[in-house]
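# Secondary and tertiary structure notes
Listed below are the residues making up each chain.
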Amino acid sequence: MKDYDIVIVGGGPAGLAAAVSAKKAGCDSILILERDTELGGILNQCIHNGFGLHTFKEELTGPEYAYRFVEQVLELGIEYKLGTMVMDIAHDKTVTAMNREDGMFTIPAKAVILAMGCRERPRGALNIPGYRPAGIFSAGTAQRLVNIEGYMPGKEVVILGSGDIGLIMARRMTLEGAKVKCVAELMPYSGGLKRNIVQCLDDFGIPLKLSHTVVDIEGKEHVTAVTIAEVGPDRKPISGTEERYTCDTLLLSCGLIPENELSQAAGITMNPVTSGPVVNESLETNIPGVFACGNVLHVHDLVDYVSEEAGRAGANAARYVSCAVEQGMQGATGGGGGSAIKLVATEGARYTVPNTIRPDKMEDILTVRFRVGDVYKDSFVSVYFDDERILHNKKRILSPGEMEQIVLRKAQLAEYPDLKAITVKIEKE
Amino acid sequence: MYDVVIIGAGVTGSAVAWQLSRYDINVCVLEKCEDVCEGTSKANSAIIHAGYDAAEGSLMAKLNVRGNEMMDELSKDLDIPFKRNGSLVVCIHKEALGGLQELYDRGIKNKVKGLKILSREEALELEPNLSEDVQGALFAPSAGIVCPFELNIAMAENAYDNGVLFKFHSEVKDIKKDAEGNWHLNTDKEELVAKYVVNAAGVYADNIHNMVSDNKIRIIERRGEYCLLDKQVGSHVSHTIFPQPTKLGKGVLISPTIHGNLIVGPTATDIENKEGTNTTAEGIEDLITKAGSHVRNLPIKNVITSFAGLRAHEEHHDFIIKEVEDAPGFIDCAGIESPGLTASPAIGEMVAGILKDKMGFKEKDSYRKTRKGIVKTEGLSLDEMNELIRKNPAYGNIICRCEMITEGEIIEAIHRPLGAKSLDGVKRRTRAGMGRCQAGFCSPRTMEILSRELGIPYEEITKSGGSSVIAPTRTKGNEEVTGA
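### Description of the overall build of chain A
Counting secondary structure elements, chain A contains 8 helices and 31 strands. At 22 Å, chain A has a C-alpha radius of gyration in line with the 22 Å of a compact globule built from 429 residues. Every one of the 429 residues in chain A was classed for burial, and the buried ones make up 52%.

### Looking at the interface of chain A and chain B
Taken together, the contacts link 38 residues of chain A with 44 residues of chain B. Listed by contribution, the elements that provide at least two residues to the side of chain A that touches chain B are strand S7 (94–99), strand S8 (103–108), strand S10 (118–120), helix H3 (139–149) and strand S12 (151–152) of chain A. Broken down by element, the residue count for the side of chain A that touches chain B peaks at 6 residues, all from H3(A). Taken together, the residues of the side of chain A that touches chain B break down into 15 nonpolar, 12 polar and 11 charged.

### Details of helix H2 (residues 62–75) of chain A
Residues and elements named next belong to chain A. The end-to-end C-alpha separation of H2 is 20 Å, in line with the 20 Å expected for 14 residues at 1.5 Å each. Gly62, Tyr65, Ala66, Phe69 and Val73 are the residues of H2 that are buried. One or two residues past the end of H2 sits Gly77, with phi positive at roughly 65°.

### Quick look at the sheet that holds strand S1 (residues 6–9) of chain A
Residues and elements named next belong to chain A. With parallel pairing, the 5 strands of this open sheet are ordered in space as S5-S2-S1-S9-S23. Each end of this open sheet is capped by a strand with a single partner; those strands are strand S5 (79–81) and strand S23 (290–292). Strand after strand, the sheet turns through a mean of 20° between neighbouring axes, direction not considered. Across 3 bridges, the pairing between strand S2 (residues 30–33) and S5 is parallel. Residue pairing across strands places Leu33 opposite Lys81, the latter belonging to S5. Together, S1, S2 and strand S9 (111–114) form the strand contacts of helix H1 (residues 13–24), whose direction differs from that of S2 by roughly 175°.

### Structural notes on the confidence of the model for chain A
Low pLDDT marks regions whose predicted coordinates should not be analysed in detail. A residue-level look at chain A finds 97% of positions with pLDDT of 70 or above and a mean pLDDT of 95. Confidence drops under a pLDDT of 50 for residues 328–337 of chain A, and excluding neighbours within four residues, the segment shows 25 contacts in the predicted structure.

### Concerning the sheet that holds strand S4 (residues 82–83) of chain B
Within the open sheet, the 3 strands sit side by side as S3-S8-S4 (chain B). Their pairing is antiparallel. Looking at which strands have only one partner, the edges of the open sheet turn out to be strand S3 (47–48) and S4 of chain B.

### Let's talk about the nonpolar core
Counting 138 residues, the largest nonpolar core has A:Ile6 and A:Ile113 as its most contacted members. Top element by residues in this core is helix H7 (residues 303–327) of chain A. It accounts for 10 residues.

Conventions used here
Residues numbered from 1 in each chain as written. Chains lettered and ligands numbered in written order. Predicted model: local features only at pLDDT ≥ 70, side-chain atom pairs only at ≥ 80, totals over all residues. Helix = DSSP H or I, 4+ residues; strand = E, 2+ residues; numbered from the N terminus. Rg over C-alpha atoms; globule rule 2.2 N^0.38 Å. Buried ≥ 20, exposed ≤ 12 C-beta atoms within 10 Å, placed from the backbone. Contact = placed C-beta atoms within 7 Å. Nonpolar A, V, L, I, M, F, W, Y, C, P; charged D, E, K, R; others polar. Expected span 1.5 Å × (residues − 1). Pairing = 2+ DSSP bridges. Axes fitted to C-alpha atoms, helices over the stretch in contact; angles between N-to-C directions. pLDDT = per-residue confidence, 0-100. Core = buried A, V, L, I, M, F, W, Y, C linked by C-beta atoms within 7 Å.

This is the structure in structure tokens:
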């Protein structure tokens, strides 16, 4: 097996954008490892439109959006292997992978970009009582069956969870002739984008039942009915509010989990809030030369932001490799620590990406992304440099389903040489 | 005409078939489901008990200890994963310490080897995550963990290899004896005639027994709910941790599984529903509360699935393994609840012994004692792996990314004797779909392999036979496309 400077784990939107940008930043030795039989990742099954409004200023379908990047990968002659599963990433950045043609092989990479994406939270992790028959799917699995395989799981559907894939599938199943009886959401707010609630539920008259959950699944072999109940502020079902829906399908859209088994095995420090790696301003993990981007880092709302973030990871990886060659050392981004400014998310802000900033390593402008933990109306996104509030932006609405961002400027940070912590919080006034 | 018909292909029926398959006789197993290991055998604690629980002199005690003894040779012969990880019965109330001594004494009478009562300090040294409240523990080094599916499947496969016939989707509706003393068994499909019948019907053993005997028995379905936790927390404890037993059973245990998960359960609720394998909110909550009292910081939020099994509880709480008095030639294996999995090989041995004494059959020349399991790619070296992939590239294609199961393993599971016919069949043979994503990723891919290898349309693939179809119709405009 050939050696490569940068190995990218995953050929979805993050991996593709990282590859393109690493190549453009001057790295000629890049390999993308993709476990599916095509590049594009989960976008290939997202045949609805609405992708690319920020990046391309037009509405594309998922496959079209992915192809914009696949095209560039092909044009730039970036190498990739399909049907290839990465089995292990060692602390020294040796990547072990396997496929039918090459067998199991190792690549001693100079830099690794983690772009494995995320998976759906399954029924088992939700402790939903009842039987365990056929007819229960995570929304993404159903999406694959319908859009890739061309098969319908059922005709009468109840959806638990109002994540974006669940909302999209409510519409998709309806268009395929199924009756979607309701979408139940445990929380008092939806976890999905507002536009999806409007376009996928409201436009089709599908009720969204907030503060509701599934309390029973009937059917020994196949789902025959589910029971939904309202939950109280403690998120426990309220007795007497049960409603039984006959159905043959239960879809679950109850959250996405970054797929970090490889990262954890490699010894990468994780952020328990995002379930993604802790990264610095260069999107580099605690292992110098290992970068993370896309949904493996934190679950995004829009793919445009994935591409943007992955582009930065790719460019930084290329810079790391070239500096490693020149200096024979850990590279431009490596060896961080001492002078890093901590980013703190608190009072409504759940997390930030990145987690630390080394001002000397940052670019002129740095986008910090975060999510809020609740719905906030007419509130302020505030940023504090230590105790001094330096940003106070009024927002009409903030919701957990949408990512928020603030922009930090290198020039501005230069005015605070002793800065220890940058705090992001949500304030009522 | 069969010499023996066995009703039920769970672990008991399969063990009887396995033990009988060495003899030169015609044996047929009737199973109402589509596969072996579909009832209680697939939903239990997966524990090989040491044998100190059951009352002295009971059949349970005797067959538990004997079954435990048989596991070393059996696991080698049949190539199944088995480990003696040892168990601890943990006492958390000082005034209950005497209970440990009682268990110890009973264990000695039951001929359990290696038992030892540990002080609080010794127990904590052996198992640092025990509750702060631990006062002492009974240590049983001979207790172990096993894959219950593979134990069941391996015994059935070996029986099949040695000529035992298995008929699936064959529910026994009616049994009658003719003038010559032969049994006529009617399934929904056919009538079979047999000299001897073995009733290994699990929670249905009472229905089957009551078809032939006036001395009615009753099996009470005692539901046990479980949580299975992620492999990330599989080493939270290394021994099987029991509370002190109560009237309803051995209580909620916490144990590593043979494949590295952590299992917590079971609850014990008597229900009246032979198909009542649903979990309940109260059950799971009860489980979590109880488990937390014996082990500290139980990582219950790492649950990947919960499930329920039914113990075939008989009111006298002992195994009923004997020829039915008013139905000569009809052998019961009823009331096979815990430690039924452990005892199963010994139950097989005992039933084979009863039949051998009556029929005087002799061993066959061609008997094959060993069975080879599915190639397990997990743990192979780079060279071994590449050798395997060179011979068959399907072993280079990972289908289940959580458990790292290859296409090669799945194909093998399908084409083995008594091979997998459904997603659950593949899952129990290979673990594909048993990991943390619970088949979200691999099920469409495994369906494709099943469809291709079995030559059946994609829309007919089931989760576990019967009406459990997964994707029954095509999408619009796709109806005319043929082939999967």
